[in-house]
Every structure is written in structure tokens, then in C-alpha cells.
Amino acid sequence: MLIAADKFKGSLTAVEVAGHVTAGLRRAVPGLAVSAVPVADGGDGTTQAAVAAGFAPQRVQVTGPTGVPVTATFALRGDGTAVVEMAEASGLQHLPKGVFAPLTATTYGTGELLLAALDAGATSIVFGVGGSATTDGGAGMLAALGARFLDADGEPVAPGGGPLRDLATADLSGLDPRLAKTEIVLASDVDNPLTGPKGAPAVYGPQKGASEEDVATLDASLAHYAEVLARAVGPEAAEHALAPGAGAAGGIGFGALVGLDAAFRPGIDVMLDVLGFAPALARATFVITGEGSLDAQTLHGKAPAGVAAAARAAGLDVVAVCGRLQLPQEALAAAGIRRAYALTDLEPDPARCMAEAGPLLERAAERLARDFLV
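Residues numbered from 1 in each chain as written. Predicted model: local features only at pLDDT ≥ 70, side-chain atom pairs only at ≥ 80, totals over all residues. Heavy atoms only, no water.

Asker: Lay out the overall build of the chain in plain terms, naming residues and giving numbers.
Answerer: Helix and strand counts for the chain come out as 15 helices and 13 strands. Scaling as 2.2 N^0.38, a compact globule of 374 residues should have a C-alpha radius of gyration of about 21 Å, and the chain matches this with 21 Å. Principal-axis analysis of the C-alpha atoms gives the chain an extent of 75 × 45 × 35 Å. Taking as baseline every contact in the chain between residues at least 6 positions apart, the subset at least 24 positions apart corresponds to 71%. (Helix = DSSP H or I, 4+ residues; strand = E, 2+ residues; numbered from the N terminus. Rg over C-alpha atoms; globule rule 2.2 N^0.38 Å. Contact = heavy atoms within 4.5 Å.)

Encoded structure:
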């Protein structure tokens, strides 16, 4: 049995999910051979998944999204591969509870985290983006890495996406020279462009506290930012603004494409490679995947869909565990998942379901084992 599940957001980490599923399976089938590859798709939880796969955690103090110092972790492997998760430095979890900063939150700390990875000897960086508190187009990140963003008076523009409306000139010549020698892969499940109806402010701004007026301000500011960068580095900046992934994590995807020469890949594909999923799959005869909510988003590049696709290609059966199930059976089958076991089937109260996720997951896994293995 191979367990390759993502976290249950707000309840269980991917490692904890694997532990509870294992316990439930073995209640029904004592001594069952189980291996686990906790997975992530580039969003929050990516660093934890890398550490579970054998990467060494590296902790560093960086600037949080509101300017308050936070402790962030990246993961490093002996071959020089680092996994850097932007949410560790610039994620929503670092905002004061219930207090958003849609116009002023900065990705500066993410740039500091990338610098720390370079200082630690990273020669290849998987840059997972998602769960951000920010909509600054990656300007803060690039500033931490040596870029300069100045207003008409020659002063640095203030942090955040809103102040980018005052941007007059951009200079990327001071970016850390080690970046040019480092392979950087932008890992994300988001394929939105930078601006417009499907851009970062319009689609994701409201999740970060942006009002309609804020969304309009941010969209205009990021469009202006892209124009200034195009004057600074050439027309490819305008092309990058339209590219899939540019709108990831408040536009940090755009900053990574323009300033870091990053290559965009679907996050789950990158992470399955990095986490050693293929060798584990080769040893498996049955696969269990899952995440907190199996819904329409799952089908668009989320971890369970990626796991199921790989397992199906290998000719293996896949079942899923989840907190709640919002997909019909035909959609599950089309994704390569034979059946899904939801915690809400055992406990319909969402609050209790989240609070008791571990024991409920063990019960679901035991039921799964009796259905498929006994």
C-alpha cells in the first residue's frame, strides 16, 4: 500500500494524514505493508513534504508580509536541491488573525528566504508558490534579491502592490549574480495571467481581504508594474505577464519569470519528481491519495489528481480519503479514483469533523481496508 496524500488544511499535515491512514488500515489488516510519500502541490505544506522525504530543514528569520519578522523554513538536500515555499515567509498564516493587508503586504521575506537557500549552497531551487497574503507581483521578493524599484523622486516605492502605481523606474541589474547560475522551477497549480478578469487581483485578491476598489487598484498597479519592467528588461516582460502562472500567489509568478528566469511547471508534477514518488509507485500494488476537500479544484492540478494520473498510468487502483467530498462518482472515475471516503460521512458536523480529523480518518481507512483488502 502506498499512501500519497496531501494535507487536510486546518486539521492534519500530510505526514499526519499518512500516519492515521496507516493506523486505520492495520486495524483491518494487521501487519499490512504500507509506505508513505506525503505530497504537496507547491502551496503551503510543500516544505513539510520535502522534509518528510529526507530533505534537511533550514530555519531562518525573514521579513513577514506586514514587515514583522517571522521564522521561515526551507528544505535542502545534499545534492544542492532546495525546496523554498513562499507561504513560509509571505503566507496568510503570518497575518494577525482576521487582519488582511491586501494593498501593502510584501513578498520581501520570500526573497530573503531564496537568498538563504543560495547562501546554504543551493544550485537548484523548487520554488513553491501559493497561500500568499500578498499581491505585489513579486516586487518585494526581487527587491530583497537586489532589484531597485524607484518612484519619480528616485526613492524606493513603499511595500505592497498598491504603491506600485507610483513606480517610475525599475533596475534589475543588481540581482544576486548566483541566480543566473541556479536552476529555478516555479511550482504552482495556478495558471492565471498577471492581470485582467482572470488575473491575480481579480481572482485571488478577495481571498486576501481586497475590496472591489482594492482589486481595481491592484490590477492597475500590477499592469503599470509590468509596463515599467518591460521598459527595463525588454518586451519579454509583457509576454511573461500573459503567461500561465504569472498570476500565481499574487503575481509572484510574474516576478519569478521575469527576474529569476524561472521555468513554470505544474506544482504536483514537480513535487512528485522531487519527493521520489516514482520509485515508491513502482513498489506499490494499491494507492491511497487525498486532501481536505475533494472538489472541482482538485481536478485542476491538485495533488490527488496528479497522484491518480500517475498511478493509473502504472495500472494501479487508486482510492481517496478526504474531509469532504464535493465531486460526483463520474468525476472521480474520470480522474482515475475508484472511490472516495469522506470524514463528513462519519461526522456531518464540520467543526467536529475538523477537530476530530485524526480518529475519524482512522475509521475511514479501516472501512477502506475492509472494502478493498479483506
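That covers the picture; the talk isn't over yet.
Asker: Which residues make up the environment of Ala49, and what values do they have?
Answerer: The residue Ala49 is located in helix H2 (residues 46-52) in this model. Placed 234 residues apart in sequence, Ala49 and Arg283 show a C-alpha to C-alpha distance of 20 Å. In contact with Ala49, other than residues within four places in its own chain, are Pro38, Val39, Ala40 and Leu275.

Asker: Can you lay out the pairing of strand E9 (residues 183-188) for me, pointing to particular residues and giving the numbers?
Answerer: Burial analysis of E9 places 5 of its 6 residues in the buried class, which makes it a mostly covered element. Inspection of the sheet shows strand E6 (residues 124-128) paired to E9 by 5 bridges, in the parallel sense. Of the residues in E9, the one forming a bridge with Ile125 is Ile184. Bridging between E9 and strand E10 (residues 263-266) involves 4 bridges; their strand directions are parallel. (Buried < 20%, exposed > 50% of the residue type's maximum accessible area, 1.4 Å probe, protein only. Pairing = 2+ DSSP bridges.)

Asker: An account of the pattern of salt bridges is requested, with residue identities and associated values reported.
Answerer: For the structure shown, the criterion picks out 16 salt bridges. Of the charged contacts, one joins Lys9 and Asp44 as a salt bridge, the two residues approaching to 3.7 Å between their closest N and O atoms. Of the two residues, Lys9 sits in the loop between strand E1 (2-5) and helix H1 (14-28) while Asp44 sits in the loop between strand E2 (35-36) and H2, which places them 35 residues apart along the sequence. Here Arg370 and Glu366 are joined by a salt bridge, their closest N and O atoms 3.1 Å apart. You can see Arg370 and its partner Glu366 sitting in helix H15 (residues 357-372), 4 residues apart, about one turn around the helix. (Salt bridge = Lys/Arg side-chain N within 4 Å of Asp/Glu carboxyl O.)

Asker: Tell me what's going on with the side chain of Thr46, and back it up with residues and numbers.
Answerer: Summarising the element assignment, Thr46 is placed in helix H2. The exposure class of Thr46 is buried, given its relative accessible area of 0%. Each residue touching Thr46, except ones within four places of it in the same chain, is listed here: Ala40, Asp41, Val83, Glu85 and Met271.

Asker: So what about the packing of H1 against H15? Which residues, and what values?
Answerer: One can describe the packing of H1 onto H15 by two numbers: an axis separation of 7 Å at closest approach and a directional angle of 45°. Judged by the inter-axis angle, H1 sits oblique to H15. Classified by chirality, the crossing of H15 by H1 is right-handed. Contacts between H1 and H15 involve Val17, His20, Val21, Ala23, Gly24, Leu25, Arg27 and Ala28 from the former and Gly358, Leu361, Glu362, Arg363, Ala365, Glu366, Leu368, Ala369 and Arg370 from the latter. Taken together, the residues that form the contact of H1 with H15 break down as 9 nonpolar, 3 polar and 5 charged. (Axes fitted to C-alpha atoms, helices over the stretch in contact; angles between N-to-C directions. Parallel < 35°, antiparallel > 145°, perpendicular 65-115°, else oblique. Left-handed = near helix turned anticlockwise from the far one by under 90°. Nonpolar A, V, L, I, M, F, W, Y, C, P; charged D, E, K, R; others polar.)

Asker: Which residues make up the sheet that holds strand E12 (residues 317-325), and what values do they have?
Answerer: An order of E2-E1-E11-E12-E13 is seen for the 5 strands of this open sheet, with the pairing classed as parallel. Taken across any chain shown, the strands that pair with only one partner, and hence form the sheet edges, are E2 and strand E13 (339-342). Bridge count between E1 and strand E11 (residues 286-294): 4 bridges; the pairing is parallel. Bridge assignment links Leu2 to a residue of E11, and that residue is Val287. H1 contacts E1, E2, E11 and E12 of the sheet and is inclined by roughly 145° relative to E1. Of the strands in this sheet, E1, E11 and E12 are in contact with helix H12 (residues 303-313), which crosses E11 at around 160°.

Asker: Describe the sheet that holds E9, listing the residues and the values that go with them.
Answerer: Each strand in a sheet pairs with its neighbour through backbone hydrogen bonds, running either in the same direction (parallel) or in the opposite one (antiparallel). Strand order in this open sheet of 6 strands is E3-E4-E5-E6-E9-E10, and the pairing throughout is mixed. Looking at which strands have only one partner, the edges of the open sheet turn out to be strand E3 (56-63) and E10. Neighbouring strand axes in the sheet, compared pairwise and without regard to direction, differ in orientation by 30° on average. Here E3 runs beside strand E4 (residues 69-76); their pairing, made up of 8 bridges, is antiparallel. Bridging across to E4, Gln58 finds its partner in Phe74.

Asker: Before we move on, could you go through the side chain of Thr298 and cite the residues and values that matter?
Answerer: Of note, Thr298 is situated in the loop between E11 and H12. If sequence neighbours within four positions are ignored, Thr298 has contacts with Glu291, Ser293, Pro304 and Ala305.

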